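Chains, contacts and geometry: an overview
Here is what each chain is made of, one letter per residue.
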Amino acid sequence: MSKNYIAWDFVNIFPTAEIAEGCSIGAYTEVGNLVKIGKNSRIGAYCFLCEGVEIGEGCFLGPRVTTSNDMYPPSPKERWMKTIIEDGARIGASVTILPGLTLGAGCLIGAGSVVTHNVPAGERWAGVPA
């Protein structure tokens, strides 16, 4: 299988991650097991995409975006939650996304935000908490 995406220096991609064509993954990013990244999405440098994150097509994640799948670590794996980032979502630099959330299609999350609730499609959210 040929690689149809760009992964810059020092990117760690776990074996069960699925990355679609046209994606760009910035340096020093970790893409965990069972992560799915849709076509033409851009992931900035120093991002942490933990197991179970699903990113739609045409998304943008700025540098240092962090996801979590465990609300109260360390929990047994059966308690881990998925995070869904729908098509066209845009997430600013240094955003933290708590586990189990859905960020709707086309939403915009301001830099430095901590996302604590589901974000409806097309909405703009920012702050701590967002």
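What you are looking at is a predicted structure, and each value in this text was computed from that prediction instead of being measured.

What counts, and where the lines are drawn
Residues numbered from 1 in each chain as written. Predicted model: local features only at pLDDT ≥ 70, side-chain atom pairs only at ≥ 80, totals over all residues. Heavy atoms only, no water. Helix = DSSP H or I, 4+ residues; strand = E, 2+ residues; numbered from the N terminus. Rg over C-alpha atoms; globule rule 2.2 N^0.38 Å. Buried < 20%, exposed > 50% of the residue type's maximum accessible area, 1.4 Å probe, protein only. Contact = heavy atoms within 4.5 Å. Areas by Shrake-Rupley, 256 points an atom, 1.4 Å probe, with all protein chains shown as cover. Lys, Arg positive; Asp, Glu negative; His and termini not counted. Charge placed at Lys NZ, Arg CZ, Asp CG, Glu CD. Core = buried A, V, L, I, M, F, W, Y, C linked by side-chain atoms within 4.5 Å. Phe/Tyr/Trp six-rings, centres within 6.5 Å; stacked < 30°, edge-to-face > 60°. Pairing = 2+ DSSP bridges. Polar contact = N/O pair within 3.5 Å; in protein donor to acceptor, adjacent residues only side chain to side chain.

The next subject is the overall build of the chain. A count of helical and extended segments in the chain gives zero helices and 18 strands. For 130 residues, the compact-globule estimate of 2.2 N^0.38 gives 14 Å, and the C-alpha radius of gyration of the chain, at 13 Å, lies within 12% of that figure. Overall size of the chain, expressed as C-alpha extent along the three principal axes, is 40 × 35 × 20 Å. Here the chain holds 130 residues, and the buried ones make up 40% of them. A fraction of 17% describes how many contacts in the chain between residues 6 or more apart in sequence connect residues 24 or more apart. Working note: accessible area of the chain is about 6,900 Å², and carbon and sulfur atoms make up 55% of it. The average position of the 10 basic charges and that of the 12 acidic charges among the side chains of the chain differ by 4 Å.

Take the nonpolar core next. Among the nonpolar cores identified, the biggest contains 30 residues, and I37, I55, L61, I91, I97, L103 and V115 are the most heavily contacted of them. When near neighbours in sequence (up to four residues on either side) are disregarded, I97 contacts V65, T66, T67, S68, T83, I85, I91, L103 and V115.

In this description, a pair of aromatic rings is defined by centroid distance and the angle of the planes. In total, this model carries two aromatic pairs according to the counting rule given. On the numbers, 5.1 Å between centres and 25° between planes, the contact of F10 with Y28 is stacked. Of this pair, F10 sits in the loop between strand 1 (6-7) and strand 2 (12-13) while Y28 sits in the loop between strand 4 (24-25) and strand 5 (30-31); the two residues are 18 residues apart in sequence, bridging distant segments of the chain. Look at F10 and you get exposed, because its relative accessible area is 60%. On the basis of relative accessible area, Y28 is assigned to the partly exposed category, the value being 43%. On the numbers, 5.0 Å between centres and 10° between planes, the contact of Y28 with Y46 is stacked.

Here we take up the sheet that holds strand 10 (residues 60-61). The strand order 1-4-7-10-13-16-18 describes an open sheet built from seven strands, whose pairing is parallel. Sheet topology places strand 1 and strand 18 (124-125) at the edges, where each strand pairs with a single neighbour. With two bridges connecting them, strand 10 and strand 13 (residues 90-91) associate as parallel partners. Residue pairing in the sheet places F60 in a bridge with R90 of strand 13.

Our focus in this paragraph is the sheet that holds strand 3 (residues 18-19). Reading across the sheet, the five strands line up as 3-6-9-12-15 and stay open at both edges, with parallel pairing between neighbours. Looking at which strands have only one partner, the edges of the open sheet turn out to be strand 3 and strand 15 (102-103). Relative to strand 9 (residues 53-55), strand 6 (residues 36-37) runs parallel, the two being bridged by two bridges. Of the residues in strand 9, the one forming a bridge with I37 is I55.

What follows is about the side chain of T67. In this structure, T67 sits in strand 11 (residues 66-67). Of the polar contacts made by the side chain of T67, one reaches the backbone nitrogen of C50; its length is 3.0 Å. Those residues in contact with T67 that sit more than four places away from it in its chain are F48, L49, C50, V53 and I97.

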